[in-house]
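Observations on chain architecture
Residue-level listing of the chains:
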Amino acid sequence: MGVAESLPIDELSAGSNVLVTGPVMTGKRRLMHALLAQGKPHERGTIAITTRKSAAQTVRDFERVTQSSPGDRLSVVDCTGAVRGFGDTRDSATVSYVSTPGELTGIGIGVTKFMRRYYDEGLTARLGLHSLSTMLMYSDLRRIFQFLHVMTGRIRNSESVGVFALDDTMVDDASVDVLMQPFDAVVEVRDTPAGTQELRTRGASIGPRAWTPSGLD
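This report concerns the structure included in the present document. From a predicted model like this one, the values you see are computed outputs, not experimental measurements. (Residues numbered from 1 in each chain as written. Predicted model: local features only at pLDDT ≥ 70, side-chain atom pairs only at ≥ 80, totals over all residues. Heavy atoms only, no water.)

1. Re the side chain of Thr 21
By secondary structure assignment, the location of Thr 21 is in strand 1 (residues 17-22). A relative accessible area of 1% places Thr 21 in the buried class. Not counting the four nearest positions on each side in its chain, Thr 21 is found in contact with Lys 28, Leu 166, Asp 168, Val 186, Val 187, Glu 188 and Val 189. (Helix = DSSP H or I, 4+ residues; strand = E, 2+ residues; numbered from the N terminus. Buried < 20%, exposed > 50% of the residue type's maximum accessible area, 1.4 Å probe, protein only. Contact = heavy atoms within 4.5 Å.)

Laid out in structure tokens, this is it:
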């Protein structure tokens, strides 16, 4: 069973926002890409906000999931420039560079640019962000929550779908509870003793309520 069967995001109502949580190295980025790519990704726009991997790496990861080139249907807001400290960081039609994961205004400007372009082209959009826990290393909880409130509101108003990832072992429980508030559904991910991943969902009526193989293996 693949991700599309275990977690059919196409069944979510337009405007929904999903939080994917779990410990470090449990496949949250792969799951986010798989959810963004479900259905017919070449018939809509996809926006990926990346705080750890470069724009080029993010495109390659997405290509591995879709097994084809997304072309201009995938746009990336790359927040890793200051972290990497090298490479070409000039904006292009499909990539917007932001100096750090804490530059929330710049991230918002990049997202708005790409959402507007897809809207002008008559396309719906999906947005993914990996990860909130990295952003919390560069900014405080209050500002991140305000940023989430704005982003999830834009997604809701534009009838898009958002998928956000959080390494919950890097954040205290009280902060996790705050960050969950704007989301319609939460997908929890964990490793099994056999080295595979399982998931379960809370909130919106998609996916299993009990631990189930994720389909990422």
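2. Focus on unusual backbone geometry
Between His 130 and Ser 131 the backbone carries a cis peptide bond, its omega angle lying at 0°. Within the fold, Ser 131 resides in the loop between strand 5 (125-130) and helix 6 (132-135). Its identity as a non-glycine residue notwithstanding, Met 25 has a phi of 65°, on the positive side. On the secondary structure map, Met 25 appears in the loop between strand 1 and helix 2 (28-37). With relative accessibility at 71%, the residue Met 25 sits in the exposed group. Unusually for a residue other than glycine, Gln 67 sits at a positive phi of about 60°. Note on Gln 67: relative accessible area 71%, which makes it exposed.

3. Re the sheet that holds strand 5
The strand order 4-3-2-5-6-1-7-8-9 describes an open sheet built from nine strands, whose pairing is mixed. In the strand order of this sheet, the two ends are held by strand 4 (95-97) and strand 9 (212-213), each with one partner. The sheet contact formed by strand 7 (residues 185-191) and strand 8 (residues 197-203) spans seven bridges and is antiparallel. Among the inter-strand pairings, Glu 188 is bridged to a residue of strand 8, identified as Arg 200. Where helix 2 meets the sheet, its contacts fall on strand 1, strand 2 (45-50), strand 5, strand 6 (161-167), strand 7 and strand 8, and the angle it forms with strand 5 comes to roughly 175°. Sheet strands touched by helix 3 (residues 55-66): strand 2, strand 3 (74-78) and strand 4. Its angle to strand 3, the strand with the most contacts, is close to 145°. (Pairing = 2+ DSSP bridges. Axes fitted to C-alpha atoms, helices over the stretch in contact; angles between N-to-C directions.)

4. Re the side chain of Ser 96
Structurally, Ser 96 is set in strand 4. The class of Ser 96 is buried, set by a relative accessible area of 6%.

5. Focus on the pattern of salt bridges
Under the definition given, this model contains eleven salt bridges. Among the salt bridges present, the one from Glu 188 reaches Arg 200, with a minimum N-O distance of 2.6 Å. A residue pair is termed long-range when its members are at least 10 positions apart, and Glu 188 in strand 7 and Arg 200 in strand 8 qualify at twelve residues. By relative accessible area, which is 16% here, Glu 188 ends up buried. Assessed through its relative accessible area of 29%, Arg 200 is described here as partly exposed. Within the structure, one salt-bridge network assembled from shared partners comprises Asp 72, Arg 73, Arg 117 and Glu 121. (Salt bridge = Lys/Arg side-chain N within 4 Å of Asp/Glu carboxyl O.)

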